[in-house]
Amino acid sequence: MEADSTATGSGTVNFDDESPKYTDGGPYPGTDYSGKVPGDDAELTHSLIDEYSRSFPGKNIIVAKSFNNLSFSGVSGLEHLAVVDGVDVFALDSGTITNKGDGGWKNWGFTGNFEYAEDAKEVTFGDR
């Protein structure tokens, strides 16, 4: 049976199944960051996307306080990089992610090659 290249995922993703790739090495595992971890949620989100985008320049970066409210469609190259103060950090090549919960910098943030439909809280990433 041939795979349908237009199919998109609609199932639940359990991000607690595997440990992140980086668990050691400073306050932001997998980077050379040696500064303080911000106590404010919005500042933490900004800091994480800044540092991880520098450390993984060919990847799109998304961080989220809770992935339970996110849905994924056509995502490729998704890699769980780290958890910092309960916030998950992921890298991906491409795909669409929709936030069905609260938006805002306190709950999620992203950087890379993307188009963002703010009214739908939907971000579509392209290859970098």
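Here, the structure is the one placed above.
Here the structure is a predicted model, which is why all the values come from computation and not from measurement.

Trainee: Which parts of the structure should I look at to understand helix 1 (residues 41–55)?
Mentor: Owing to its 3.6 residues per turn, the α-helix brings residues three or four apart onto one side. Along its 15 residues, helix 1 runs 21 Å from first to last C-alpha, staying within 8% of the 21 Å computed at 1.5 Å per residue. Those residues of helix 1 that are buried lie in contact with strand 1 (60–64), strand 3 (79–84), strand 4 (87–92) and strand 6 (108–111). Sitting at the head of helix 1, aspartate 40 places a side-chain oxygen 3.1 Å from the backbone nitrogen of alanine 42.

Trainee: When you look at the packing of aromatic side chains in this model, what are you seeing that I'm missing?
Mentor: Each pair of aromatic rings is reported with the distance of its centres and the angle of its planes. Tallying each qualifying case throughout the model produces 10 aromatic pairs. Aromatic pair tyrosine 22 and phenylalanine 56: ring centres 5.8 Å apart, planes at 50°, arrangement tilted. With tyrosine 22 in the segment before helix 1 and phenylalanine 56 in the loop between helix 1 and strand 1, the pair connects residues that are 34 residues apart, well separated along the chain. For tyrosine 22, a relative accessible area of 24% gives the class partly exposed. Centroid distance phenylalanine 114 to phenylalanine 125: 6.2 Å. Interplanar angle 65°. Geometry classified as edge-to-face. Here phenylalanine 125 lies in strand 8 (residues 122–125) and phenylalanine 114 lies in strand 7 (residues 114–117), a separation of 11 residues in the sequence. Its relative accessible area of 4% is what places phenylalanine 125 among the buried residues.

Trainee: What exactly am I supposed to notice about the sheet that holds strand 2 (residues 70–76) here?
Mentor: Note: strands within a sheet are paired through backbone hydrogen bonds, in either parallel or antiparallel orientation. Reading across from one edge, 2-5-8-7 is the order of the 4 strands in this open sheet, with antiparallel pairing throughout. Either end of the sheet is taken by a strand with one partner, and the two such strands are strand 2 and strand 7. The sheet shows a mean angle of 10° between the axes of neighbouring strands, taken without regard to direction. In terms of strand pairing, strand 2 meets strand 5 (residues 94–99) through 5 bridges, oriented antiparallel. Note on strand 5: the bridge partner recorded for phenylalanine 72 is isoleucine 97.

Cut-offs and rules
- Residues numbered from 1 in each chain as written.
- Predicted model: local features only at pLDDT ≥ 70, side-chain atom pairs only at ≥ 80, totals over all residues.
- Heavy atoms only, no water.
- Helix = DSSP H or I, 4+ residues; strand = E, 2+ residues; numbered from the N terminus.
- Expected span 1.5 Å × (residues − 1).
- Contact = heavy atoms within 4.5 Å.
- Polar contact = N/O pair within 3.5 Å; in protein donor to acceptor, adjacent residues only side chain to side chain.
- Phe/Tyr/Trp six-rings, centres within 6.5 Å; stacked < 30°, edge-to-face > 60°.
- Buried < 20%, exposed > 50% of the residue type's maximum accessible area, 1.4 Å probe, protein only.
- Pairing = 2+ DSSP bridges.
- Axes fitted to C-alpha atoms, helices over the stretch in contact; angles between N-to-C directions.

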